[in-house]
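Inside the fold
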Amino acid sequence: MVDERIIHDAQRGDPAAQRALYEAHYAAAFRLAYLFLQNPGDAEEVVQDAFVYLLRNLDRYDGEKGTFWAWLRVTLVSRCRNKRRRQQPPLVSLEGMEATGRFLVDPNAANDPARALENRGARRAIWQALQQVSEGAREAIILRFYEGLAYADIARILDCSPEAARARVAHGKLQLRRLLDEGEERRAPQGHPVETARAAG
Amino acid sequence: MDKHLTELALAHIADAESPPVIEHLRSCRECQRAVGEYRWLQGEITAALKTEAKAIPLPRPRWWDLWERLHGGRGPAAATRRLFAAAGIAMLICSLLVAWSLPTPVNASSALPPKPLSIPLPAIVTADNELGHVTATPTPSQSGRQSPSTLTPALTLYPKP
Ligand SMILES: [Zn+2]
């Protein structure tokens, strides 16, 4: 994302370089934090906290061990997890479950499921179902499918073994599929959205 | 044919970094289809997460807030806030001083400038000597018209030729 020279200047205490480092990573950091927390205000706060820590400890950064983004990501995810632990666990919302079904049985989807499932409504349904997946599984899924990380990297970030990271992702997908099935069944008993879409595609 | 693979095994296989060689999977259409569905779901998860992340409005980076936290309130934002606070206090003191130095307001009616005395001009009187009639014509000020001249005589007698 940023070249090593900026990081080097930032480590030497150059405020312009530190600012460049912050601004270059701000959007990506905010978005990742938002996926973990689902609250823009909390995401913003966590990003600021993470940068305060990183810029105070810039001398500890070693480019040989990984990119600045990788270091930021570890800090960010750790702070997001702490924040969530301090907060009340989110309740499984009936509204969300209804929405899951509603989006997947959109009238357009009945005629052209493949097209409808490509639309934002279906993705929104997956996002909403993801909120009901267990915490550990959701975290692993975000790191695997949004950040595209290898299981070894996910394991380092979530402080578990690569096998545990792999198991969390698999369990998460299982839960997600069941949630999507349930949502679909409540709204329209005619068929599984995944199967329908695959059959059409 | 042996038993189908478990859902968890299928979910694992769909995302395995090096897919395991499983004899059952080679021959079972149903399990192959299930693995395909999990792969499709993975793609949809990625798309859903990317869509959601992009849809959320990005707040403006707050570098100076960060700077202040890093340097214990010595940033430009803190300096600006201190400057505004000082200016506010100075303005308050000035307005208090100005208010204090002003004379105390007196009774409203006595503070008004004295009203000029106006005496209406008497009516113009014409004497009809022959008939002995005397008619009074209102002066412009009395009739409400603007006086053409301030030299309007108070009393004019027009003798009959
Ligand atoms: Zn099978």
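Please read all numbers here as calculations on a predicted model, not as lab measurements.

1. Observations concerning the overall build of chain A
Assigned secondary structure in chain A consists of 12 helices and 0 strands. Its helices and strands in sequence order give chain A the pattern α-α-α-α-α-α-α-α-α-α-α-α, from N to C terminus. Taking all 201 residues of chain A together, 49% fall into the buried category. Taking contacts inside chain A between residues at least 6 apart in sequence as the whole, the part at least 24 apart equals 63%.

2. What about the environment of Ala-170 of chain A?
Its location among the elements puts Ala-170 of chain A in helix α11 (residues 162–187). With 33 residues separating them along the chain, Ala-170 of chain A and Ala-137 of chain A place their C-alpha atoms 8.0 Å apart. Those residues in contact with Ala-170 of chain A, other than ones at most four positions away along the chain, are Leu-8, Ala-11 and His-12 of chain B.

3. Looking at the nonpolar core
Counting 76 residues, the largest nonpolar core has Phe-68 of chain A together with Leu-49 of chain B as the members making the most contacts within it. In terms of residue count, helix α2 (residues 15–37) of chain A provides more of this core than any other element does, 12 residues in total. With residues near it in sequence (within four places) discarded, Leu-49 of chain B still touches Leu-35, Trp-127, Leu-130, Ile-141, Ile-142, Phe-145 and Tyr-146 of chain A.

4. Structural notes on the interface of chain A and chain B
Every contact between the two is made by 47 residues of chain A and, on the other side, 40 residues of chain B. Surface buried jointly by chain A and chain B totals about 4400 Å² across both partners, of which 66% is contributed by carbon and sulfur atoms. Sorting the residues of chain A by area buried against chain B places Arg-123, Phe-145 and Lys-173 of chain A first, and these three jointly supply 15% of that buried surface. The interface formed by chain A and chain B contains 7 salt bridges. A salt bridge links Glu-44 of chain A to Arg-62 of chain B; the shortest N-O distance between them is 3.1 Å. Across the contact surface, chain A and chain B share 14 residue pairs in polar contact (both at pLDDT 80 or more). Counting only elements with at least two residues in the side of chain A that touches chain B, the list comes to α2, α3 (40–56), α8 (120–130), α9 (135–146), α11 and α12 (193–200) of chain A. When residues in the side of chain A that touches chain B are grouped by element, the largest group, 11 residues, is from α2 of chain A. When the residues that make up the side of chain A that touches chain B are grouped by side-chain class, the tally is 29 nonpolar, 3 polar and 15 charged.

5. Observations concerning helix α4 (residues 68–86) of chain A
Its 19 residues place the ends of α4 of chain A 27 Å apart at the C-alpha level, agreeing with the 27 Å of an ideal helix rising 1.5 Å per residue. Every buried residue belonging to α4 of chain A is among Phe-68, Trp-69, Leu-72, Arg-73, Thr-75, Leu-76, Val-77, Cys-80, Arg-81, Lys-83 and Arg-84 of chain A, and all of these are buried.

6. With respect to the coordination of the zinc ion
The protein atoms donating to the zinc ion are His-4 of chain B (ND1), His-24 of chain B (NE2), Cys-28 of chain B (SG) and Cys-31 of chain B (SG), with metal-donor distances spanning 2.0 to 2.3 Å. Geometry at the zinc ion is tetrahedral, judged from the 4 donor atoms that bind it and their angles of 100 to 121° at the metal.

7. With respect to the pattern of salt bridges
On inspection of all chains with the given rule, the structure shows 19 salt bridges over all chains. Among the salt bridges present, the one from Glu-44 of chain B reaches Arg-123 of chain A, with a minimum N-O distance of 3.5 Å. Taken together, the residues Glu-44 of chain B in helix α3 (residues 29–55) and Arg-123 of chain A in helix α8 connect one chain to another. When salt bridges that share partners are traced, they join Arg-177 of chain A together with Glu-7, Arg-33 and Glu-37 of chain B into one network.

8. Some thoughts on the confidence of the model for chain A
Residues and elements named next belong to chain A. Confidence in the prediction of chain A, expressed as mean pLDDT, is 83, and 76% of residues score 70 or more. Helix α5 (residues 94–104) is the least confidently modelled element of chain A, averaging 40 in pLDDT, while α9 averages 97, the highest of any element. Scored below 50 in pLDDT, residues 191–201 makes 25 contacts in the model with residues more than four places away or belonging to other chains.

9. Quick notes on the confidence of the model for chain B
Residue and element names in this part refer to chain B. Confidence in the prediction for chain B averages 73 pLDDT; 57% of positions are at 70 or higher. Element-level mean pLDDT values for chain B span from 48 in helix α6 (residues 140–143) up to 95 in α3. This stretch, residues 127–132, has a pLDDT under 50; its non-local contacts, to residues over four places away or in other chains, come to 7 contacts. Residue range residues 139–156 is modelled with pLDDT below 50. Its contacts to residues more than four positions away, or to other chains, number 21 contacts. Model confidence for the complex: the whole-complex pTM is 0.67, and ipTM, which rates the interface, is 0.80.

10. So, the side chain of Arg-144 of chain A
Note that Arg-144 of chain A resides in helix α9. Within the local environment of Arg-144 of chain A, its side chain forms a polar contact with the backbone oxygen of Leu-149 of chain A, the two atoms lying 2.9 Å apart. Within the structure, Arg-144 of chain A has its side chain in polar contact with the side chain of Asp-15 of chain B (distance 2.9 Å). Beyond its immediate sequence surroundings of up to four residues, Arg-144 of chain A is in contact with Leu-149, Ala-150, Tyr-151, Ile-154 and Val-169 of chain A together with Asp-15 and Glu-17 of chain B.

11. Regarding helix α10 (residues 151–158) of chain A
All names here are of chain A. Every buried residue belonging to α10 is among Tyr-151, Ile-154, Ala-155, Ile-157 and Leu-158, and all of these are buried. Here the buried residues of α10 occupy an arc of 165° about the axis, which is enough to place them on one side. Within two residues after α10, Asp-159 carries a phi angle of roughly 55°, on the positive side.

12. So, a negative patch on the surface
Residues and elements named next belong to chain A. Negative charge collects at one region of the surface, where Asp-3, Glu-4, Asp-62 and Glu-64 lie side by side. With respect to the element layout, Asp-62 can be found in the loop between α3 and α4. By relative accessible area, Asp-62 is classed as partly exposed at 32%.

13. Topic: the environment of Phe-68 of chain A
All names here are of chain A. You can see Phe-68 is positioned in helix α4. On a C-alpha basis, the gap between Phe-68 and Leu-54 in space is 9.6 Å, while along the polypeptide they are 14 residues apart. Ignoring anything within four residues of it in the chain, the contact list for Phe-68 reads Ile-7, Leu-21, His-25, Phe-51, Leu-54, Leu-58 and Tyr-61.

About the cut-offs
Residues numbered from 1 in each chain as written. Chains lettered and ligands numbered in written order. Predicted model: local features only at pLDDT ≥ 70, side-chain atom pairs only at ≥ 80, totals over all residues. Heavy atoms only, no water. Helix = DSSP H or I, 4+ residues; strand = E, 2+ residues; numbered from the N terminus. Buried < 20%, exposed > 50% of the residue type's maximum accessible area, 1.4 Å probe, protein only. Contact = heavy atoms within 4.5 Å. Core = buried A, V, L, I, M, F, W, Y, C linked by side-chain atoms within 4.5 Å. Buried area = accessible area lost by both parts, 1.4 Å probe. Salt bridge = Lys/Arg side-chain N within 4 Å of Asp/Glu carboxyl O. Polar contact = N/O pair within 3.5 Å; in protein donor to acceptor, adjacent residues only side chain to side chain. Nonpolar A, V, L, I, M, F, W, Y, C, P; charged D, E, K, R; others polar. Expected span 1.5 Å × (residues − 1). Donors = N, O, S within 2.8 Å, 3.2 Å for Na, K, Ca; no water. Tetrahedral: all angles 85-135°; square planar, octahedral: opposite > 155°, others 65-115°. pLDDT = per-residue confidence, 0-100. Arc of directions from axis to C-beta. Patch = residues over 30% accessible without salt bridge, like charges linked within 9 Å, V, L, I, M, F, W, Y side chains within 5 Å. Areas by Shrake-Rupley, 256 points an atom, 1.4 Å probe, with all protein chains shown as cover. Lys, Arg positive; Asp, Glu negative; His and termini not counted. Charge placed at Lys NZ, Arg CZ, Asp CG, Glu CD.

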